[in-house]
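Summary of structural features
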Amino acid sequence: MKRLVAAVAVSLLGLAACGETSSPAVPGAVPEQAKAQDDVLAQAPVAAAADILPGSTMEKIKQRGELIVGGSLDAPLLSQQNPATGQVEGFDADLGKALAKYIIGQPKVKIVNSASETREALLANGTVDVVFQTYTITPERAKQVAFAGPYYTSGLTIAVKKGATGIAKPEDLNGKKVLAGANTPAIPAIKKFAPQAEIITFGSDPECLQALKQDRGVAYVQDETLLIADAKKDPSIQIVTKPFTVDPYGIGLKHGDDQFKTFTNAWLKKMQDAGAWQKIWKNSIGTVVVGDAPQPPQIGSVPGS
């Protein structure tokens with residue numbers, strides 16, 4: 001990930017679920033970033049009628065009139081509810097809206113706030129149609145869900161309280177209390193690089209951050225994309241390593257729904273080819289990272305995708 005150059009101001013709002021449409025906020029109250037978001041969504045593609053196959057998941061979503069997304073409401077730059085506008089904003093959130101527009105013709109979504117340990121169940125029981133939530137593709141997860149994509153690549157890094165010393169690489173976690181999200185790739189990575197570490201898990205990124213600040217662990221291992229936003233929001237947290245894993249994000253779908261996976265991959269390719277993916281990145285993660293948008297990962301390029 002490129003070096004950070006600008007700060008982002010964000011606020012957390014914890015809710016269980018959120019119904020959202022693309023309706024604008026009060027005139028004059030829409031920030032410039034929200035306008036850029038609306039402009040990108042206005043240009044996002046819409047599927048041809050022939051692509052909405054009879055009896056398919058796509059047809060059911062279109063008839064319902066909204067896409068139900070498993071995601072976050074408190075992940076800065078990725079999927080966070082803006083208290084001023086009520087809109088959920090960020091890289092994952094905007095991609096979810098773009099997929100909704102592709103299916104329905106309008107970016108109408110309902111976001112169900114999900115934890116890392118509940119995503120598979122939410123897809124399996126049909127509570128959500130898709131998951132956009134920094135959902136790293138792994139062969140183990142691919143046994144339970146289908147993955148479209150990958151649509152982004154990140155990696156694990158380590159955060160500590162500012163001023164803490166003694167941790168400069170993952171092996172330095174040996175013999176220490178280390179925080180990680182439940183059911184995330186951080187757990188096997190810690191076990192691999194620091195088998196003597198004591199791993200303490202929580203269900204969400206905010207819970208892990210709070211535990212770090214309360215000295216319930218000396219380090220927090222998490223995806224770099226999330227920690228970039230966390231460190232920018234809270235100057236008492238600092239990132240002390242570069243990514244030491246490669247973690248491709250996938251769009252979680254119900255296992256065995258090959259039609260929907262093919263359809264979603266086709267949408268993602270159109271978004272990339274049209275430059276819409278790159279604009280969404282620039283409006284979110286790109287607000288704190290120097291330079292142009294990275295090259296999107298090749299669809300289907302990792303085991304499990």
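In every chain, residue numbers begin from 1 and rise along the written sequence. Given that this is a predicted model, residues contribute local features only at a pLDDT of at least 70 and side-chain atom pairs are listed and counted only at 80 or more, while totals for whole chains, interfaces and linings are drawn from all residues. With hydrogens and water set aside, each side-chain value is computed from the structure's full complement of heavy atoms.

- The name recorded for the chain in an unreviewed UniProt entry is Transporter substrate-binding domain-containing protein, from Nonomuraea guangzhouensis.
- UniProt positions are given in the numbering used here, feature names are shortened, and annotations may be inferred rather than shown by experiment. The record in UniProt for the chain states the following under Sequence similarities (unreviewed entry): "Belongs to the bacterial solute-binding protein 3 family."

**Comments concerning the sheet that holds strand β10 (residues 177-181)**
- In this analysis, strands are considered paired if DSSP registers two or more bridges between them. Secondary structure follows DSSP: runs of H or I at least 4 residues long count as helices, runs of E at least 2 residues long count as strands, and numbering of each begins at the N terminus. One open sheet accounts for 5 strands, arranged β11-β10-β12-β9-β13; its pairing is mixed. Each edge of the open sheet is held by one strand with a lone partner, namely β11 (198-202) and β13 (237-239). Taking the axes of each pair of neighbouring strands and ignoring which way they run, one obtains an average angle of 30 degrees across the sheet.
- For strand β9 (residues 156-161) and β13, the ladder comprises 3 bridges, and the chain directions are antiparallel. Its bridge partner lying in β13, K161 is registered against I237.
- Contacts: residue pairs with any heavy atoms within 4.5 Å of one another. As a rule, the C-alpha atoms of each element are fitted with a line to give its axis, helices using only the stretch in contact, and angles between N-to-C directions run from 0 to 180 degrees. Running at roughly 160 degrees to strand β12 (residues 219-223), helix α6 (residues 205-213) makes contact with β9, β10, β11, β12 and β13 of the sheet.
- With respect to the sheet, helix α7 (residues 224-233) is in contact with β9, β12 and β13, its orientation differing from that of β12 by roughly 120 degrees.

**A short note on the nonpolar core**
- Residues F91, Y151 and W267 are the most contacted members of the largest nonpolar core, which totals 49 residues.
- Broken down by element, the residue count for this core peaks at 9 residues, all from helix α3 (residues 91-104).
- Setting aside residues no more than four positions away along its own chain, W267 makes contact with L95, A98, L99, Y102, F132 and I251.
- By convention a nonpolar core is built from buried Ala, Val, Leu, Ile, Met, Phe, Trp, Tyr and Cys residues, the set being connected through side-chain atoms within 4.5 Å. With a 1.4 Å probe rolled over the protein chains alone, any residue whose accessible area is under 20% of its type maximum counts as buried; one over 50% counts as exposed, and the rest are partly exposed. Membership of the second largest hydrophobic core comes to 16 residues, among which are L173, A180, I187 and F244.

**What to know about helix α5 (residues 186-193)**
- Among all positions of α5, only A186, I187, A189 and I190 are buried. For α5, the angular spread of buried residues about the axis comes to 165 degrees, placing them on one side. When the buried face of α5 is taken as reference, the exposed residues oriented beyond 90 degrees from it are K191 and K192.
- Along its buried surface, α5 packs onto β9, β10, β11 and β12. Comment: arc refers to directions from the helix axis out to C-beta atoms.

**What about the sheet that holds strand β5 (residues 88-89)?**
- The strand order β3-β4-β5 describes an open sheet built from 3 strands, whose pairing is antiparallel. Each edge of the open sheet carries a strand with a single partner, namely β3 (74-75) and β5.
- Across 2 bridges, the pairing between β3 and strand β4 (residues 79-81) is antiparallel. Note that in β4 the partner of D74 across the bridge is Q80.

**Side note on the packing of aromatic side chains**
- The aromatic pairing rule takes the rings of Phe, Tyr and Trp, using the six-membered ring of Trp, and pairs them if the centres are within 6.5 Å, calling planes under 30 degrees apart stacked, those over 60 edge-to-face and the rest tilted. Within the structure shown, the criterion is met by 12 aromatic pairs.
- Centre to centre, the rings of Y135 and F147 are 5.0 Å apart; their planes meet at 70 degrees, and the pair counts as edge-to-face. One end of the pair, Y135, is in the loop between β7 (130-131) and β8 (145-154); the other, F147, is in strand β8, with 12 residues separating them in the sequence. As far as burial versus exposure is concerned, Y135 and F147 are alike and both buried.
- Members of the aromatic cluster, each reached through a chain of ring pairs, are F91, F132, Y151, Y152, Y249, W267 and W277.

**Remarks on the side chain of T136**
- Locating T136 in the fold gives a position in the loop between β7 and β8.
- With residues up to four places along the chain from it excluded, the contact list for T136 reads R141, F147, P185, D247, P248 and Y249.

**Focus: the pairing of β12**
- Counting buried positions along β12 gives 5 out of 5 residues, so the element sits mostly inside the fold.
- Of the strand pairs in this sheet, β10 and β12 are connected by 2 bridges, and their pairing is parallel. In the strand pairing of β12, L179 is matched with Y220.

**Remarks on the pairing of β11**
- In this structure, β10 lies alongside β11, joined through 5 bridges in parallel fashion. Among the inter-strand pairings, V178 is bridged to a residue of β11, identified as I199.
- Taken together, β10, α5 and β11 constitute a β-α-β crossover, and its handedness is right-handed. The handedness rule is simple: strands pointing away from the viewer, and a clockwise path from the first strand over the helix to the second, make the crossover right-handed.

**A few points about the environment of A197**
- Here A197 lies in the loop between α5 and β11.
- In the structure, A197 is positioned 18 residues away from L179 in sequence and 9.9 Å away in space, judged by C-alpha atoms.
- Setting aside chain neighbours within four positions, we find A197 in contact with L173, N174, G175, K176, V178 and I190.

**Looking at unusual backbone geometry**
- The residue after G149, namely P150, is reached through a cis peptide bond having omega 5 degrees.
- Along the chain, P150 turns up in strand β8.
- Backbone geometry at L77 places phi at a positive 75 degrees, although glycine is not the residue there.
- A residue is classified by how much of its surface remains accessible, and L77, at 10% relative accessible area, is buried.
- Non-glycine residue T134 carries a positive phi angle of around 40 degrees.
- Secondary-structure assignment places T134 in the loop between β7 and β8.

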